[in-house]
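Okay, here's what each chain looks like letter by letter:
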Amino acid sequence: MKKIFIAAILLVSSSCIKVVDPESNYITGDQLASSADALAGMVRAIPVHLVNYQNDDAGIEQCSYHGMLSMLEMMTTDMVVSGYGGFNTTSAYTYGNLSARGSNRGIYPFYMYYGYIKAVNDVIGLIDPATDDTTLKHYLGIAKAYRALFYMQAGAIYEYKAPTDSRYAEYYVAPEHDLTELTVPIVTETTTGQDVKNNPRATFDTLYEFILSDLKDAETLLADYTPTSKVYPSLAVVYGLYARAYMEMASHKNATENYTQALNYAQSAITTSGCSFLTEDQWNDPKTGFNDMTSQNSWMLACSISEGNTGGQGGGFHHTMLFGTETTYSSYGWRVGRSLNRKTYEAISDKDFRKLSWLGPDFFASETHYDEETGKWAYTLRSAEDTYTGNYRLTSDAQWLRNRITIANGFLAMPWIYPGIKFRCYAGNYTSRYPGCATDLPIMRIEEMYFIKAEAQYHLESEGEARSTLKEIMDHRITDGSYTCTASGEDLLDEIMLQKRVEFWGEGINFFDAKRLGLGVDRGWQGIGYSRYQGTYDIDGTAFFWTIPFPTAEEDGNPALQGYNNPYMYNTAMFTYQSNADLSQYYGIPPSYGD
């Protein structure tokens, strides 16, 4: 007999199920047919939740999954705010000021991820794991793959990792108890309301045992599944999640074994997916660049906002709005200027077509020259009538951009500001939120699997293979075949991670790599294009703000967290510069002068 729990279906279905097995509280296979639409709707709702999450009771405004990931990435080296900080509504992340109290946006990840987890738990709890119904198997596999993704990311966000830069030791706050390798409380489909009131943080090993169990189930359940849309995980995506999981595990223990597993699963994902690298035209397309999951064969898993989903497009923290350098409908995007770190930009080869994802000094200035007297680069800004676009493929108009991205509007480090144009509006519609924000965004791309391969090969001391894999990647970015890499040792790892950071800027991947490897935050040097000094940090290893505290409300409601919360240790003394005047005097100084 096919079984699914009835209680949750009754909450979401308008149909009236009158016959219930009184002994099991399950509905029978015959009843399933009348409930199928409701269950299918719950499965469809899993990726829809990623589009727009809101929790008024918790003080969570409308926010998308990728909006949340972009906030996390604002705590890394490569995401710089070059415009007017007063419109940066996500400044808590930019400044590393992540309190667990009140409406501070530091509480967002907890409520959002556990909201996502509830959605998948509701589906998993309805389906008999022993079902022989193919459709139900696929539903269960989809839910378990997503649950593995959510717990992997939530665990990484909340796992306690002590800050490592000894220069700031006097400002660090020690936890009340030893939090080593403690992650997040695990909530499953069988967790009761009473259970969550005393639910301790799982250890890293316990969490990953749970994640691998979900992935094992998903691998079996989705073995014969072909997704109807990239918003649903395929078998190749499950392999990709395995690869991510083993990379994280390798950073904790059994490095050789786990890096080997990561390498093998990354290769399985590549082989199984049938996906291919983004081309130059697809990457820089002004109408479909990084906004259309059907326009290329690179994306393996995606989040999608339909044209008719005005709620998803109207959210206050929609990704396209946050990164909307070319949009006219939200100053929270273009006027903030979410930009690439100048050092990173200058490390990109001019032959690399990815460099066109950011507006360089040549777009804003007709000439630059080094002034020996001041020790800075001077410039002549282009006039408002200048139609120069260079090789940039703009959605909007060059004159329009230069008229508003100005010093007067807060871009004080002009022209060394590097605002991003990577993420394009729907069909190139930059003048209207509806449907300009009806965009797709990647959750997993095939390129990530190649980078996992290269990094795993490096850690396994197969540097020749790592260089070969990196060369394979870069030949798709510098297409004349001229890219070479002779680096070895840590320099090779640095090169792999540099190219990965460039590749996935703004997509939500880079924060997790930074925390996993302890890559530090290099935003505190002379010449950095920050508009406000609060974003300037020079931190080696693990940054103090990469471990976010649990909300106070959760600590109050779950005594098992009391004394085991991550400490809040924000301190303005850790800023590299202590005033805007101190920061701005170095605008125009070459980055090499600030090393």
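As a reminder, the structure under discussion sits directly above these lines.
Residues numbered from 1 in each chain as written. Predicted model: local features only at pLDDT ≥ 70, side-chain atom pairs only at ≥ 80, totals over all residues. Heavy atoms only, no water.

1. A look at the pairing of strand 9 (residues 376-381)
- Taken together, the six bridges between strand 8 (residues 365-371) and strand 9 define a ladder with antiparallel strand orientation. Each bridged residue has a counterpart across the sheet, and for alanine 365 the counterpart in strand 9 is leucine 381.
- Taking the residues that link successive antiparallel strands as the turn, the strand 8-strand 9 hairpin has four residues, and the phi of glycine 375 there is positive, at about 75 degrees. (Pairing = 2+ DSSP bridges. Helix = DSSP H or I, 4+ residues; strand = E, 2+ residues; numbered from the N terminus.)

2. Looking at empty space enclosed by the protein
- Taken as a whole and assessed by the stated rule, the structure comprises eight cavities of 30 Å³ or more.
- If you add up the space inside the largest cavity, you get close to 280 Å³.
- Around the largest cavity, the lining is made up of 20 residues, and of these Met152, Arg244, Glu448, Phe512 and Asp513 lie nearest the centre.
- Those elements that provide at least two residues to the lining of the largest cavity are helix 3 (65-73), helix 6 (134-158), helix 8 (235-250), helix 18 (446-459) and helix 21 (510-517).
- The element best represented in the lining of the largest cavity is helix 6, accounting for four residues.
- Of the volumes computed, that of the second largest cavity is approximately 70 Å³. (1 Å grid on protein atoms, 1.4 Å probe; cavity = no way out; pocket = protein on both sides within 12 Å on 5 of 7 lines; lining within 4 Å. Points joined across faces, edges and corners; volume = space filled by probe spheres on them.)

3. Overview of a nonpolar patch on the surface
- Where nonpolar side chains cluster on the molecular surface, the patch consists of Leu381, Ile407 and Leu412 and spans about 220 Å² of accessible area.
- Structurally, isoleucine 407 is set in the loop between helix 16 (398-404) and helix 17 (433-436).
- Overall, isoleucine 407 belongs to the partly exposed group, its relative accessible area being 36%. (Patch = residues over 30% accessible without salt bridge, like charges linked within 9 Å, V, L, I, M, F, W, Y side chains within 5 Å. Areas by Shrake-Rupley, 256 points an atom, 1.4 Å probe, with all protein chains shown as cover. Salt bridge = Lys/Arg side-chain N within 4 Å of Asp/Glu carboxyl O. Buried < 20%, exposed > 50% of the residue type's maximum accessible area, 1.4 Å probe, protein only.)

4. Brief notes about the layout of surface pockets
- Space inside the second largest pocket adds up to approximately 440 Å³.
- Lining the second largest pocket are 20 residues, with Asp494, Arg501, Gly518, Leu519 and Gly520 sitting closest to its centre.
- Those elements giving two or more residues to the lining of the second largest pocket turn out to be helix 20 (489-503), helix 21, strand 11 (521-522) and strand 12 (538-539).
- Among the elements that make up the lining of the second largest pocket, the one with the highest residue count is helix 20 (five residues).
- Tallied by class, the residues present in the lining of the second largest pocket amount to seven nonpolar, six polar and seven charged. (Nonpolar A, V, L, I, M, F, W, Y, C, P; charged D, E, K, R; others polar.)

5. Quick word on the nonpolar core
- Within the largest apolar cluster, 182 residues are counted, with the highest numbers of intra-cluster contacts made by Leu72, Tyr93, Tyr108, Tyr146, Tyr151 and Met449.
- Excluding anything up to four places from it in sequence, tyrosine 151 contacts Tyr114, Ile117, Val184, Pro185, Ile186, Val187, Leu207, Phe210 and Ile211. (Core = buried A, V, L, I, M, F, W, Y, C linked by side-chain atoms within 4.5 Å. Contact = heavy atoms within 4.5 Å.)

6. Digging into helix 3
- Burial analysis of helix 3 places nine of its nine residues in the buried class, the great majority of the element.
- What helix 3 keeps buried is the set Tyr65, His66, Gly67, Met68, Leu69, Ser70, Met71, Leu72 and Glu73.

7. A few points about unusual backbone geometry
- Across the junction of methionine 414 and proline 415, the peptide omega takes the value 0 degrees, indicating a cis bond.
- Here proline 415 lies in the loop between helix 16 and helix 17.
- The phi torsion at phenylalanine 290 lies on the positive side, around 55 degrees, for a residue other than glycine.
- Residue position: phenylalanine 290 is located in the loop between helix 10 (280-284) and strand 6 (299-304).
- A relative accessible area of 3% means that phenylalanine 290 is categorised as buried.
- In the Ramachandran plot, glutamate 461 falls in the positive-phi region, its phi being about 65 degrees despite a non-glycine side chain.
- Following the sequence through the fold, glutamate 461 ends up in the loop between helix 18 and helix 19 (463-474).

8. Overview of the packing of helix 7 (residues 204-221) against helix 8
- Here helix 7 crosses helix 8 at 165 degrees, and the two axes come no closer than 10 Å. With respect to each other, helix 7 and helix 8 are oriented roughly antiparallel. You can see that helix 7 and helix 8 cross each other, and the crossing is left-handed. Across from Phe204, Tyr208, Leu212, Leu215, Lys216, Ala218 and Glu219 in helix 7, the residues of helix 8 making contact are Leu235, Val238, Tyr239, Leu241, Tyr242, Ala245, Tyr246, Glu248 and Met249.
- Considering only residue class, the contact of helix 7 with helix 8 consists of 13 nonpolar, no polar and three charged. (Axes fitted to C-alpha atoms, helices over the stretch in contact; angles between N-to-C directions. Parallel < 35°, antiparallel > 145°, perpendicular 65-115°, else oblique. Left-handed = near helix turned anticlockwise from the far one by under 90°.)

9. What about the environment of tyrosine 430?
- Structurally, tyrosine 430 is set in the loop between helix 16 and helix 17.
- C-alpha separation for the pair tyrosine 430 and proline 109, spaced 321 residues apart in sequence, amounts to 29 Å.
- Excluding its chain neighbours within four sequence positions, the residues that come into contact with tyrosine 430 are Glu326, Thr327, Thr328, Tyr329, Thr395, Ser396, Asp397, Trp400 and Cys425.

10. A look at the environment of phenylalanine 364
- Relative to the elements of secondary structure, phenylalanine 364 occurs in helix 15 (residues 361-364).
- With relative accessibility at 3%, the residue phenylalanine 364 sits in the buried group.
- Put simply, phenylalanine 364 and serine 383 are 19 residues apart on the chain and 8.9 Å apart in space, counted from C-alpha to C-alpha.
- Non-local contacts of phenylalanine 364, meaning those with residues more than four positions away in its chain, are made with Leu359, Leu381, Arg382, Arg402, Ile405, Met414, Pro415, Ile417 and Pro419.

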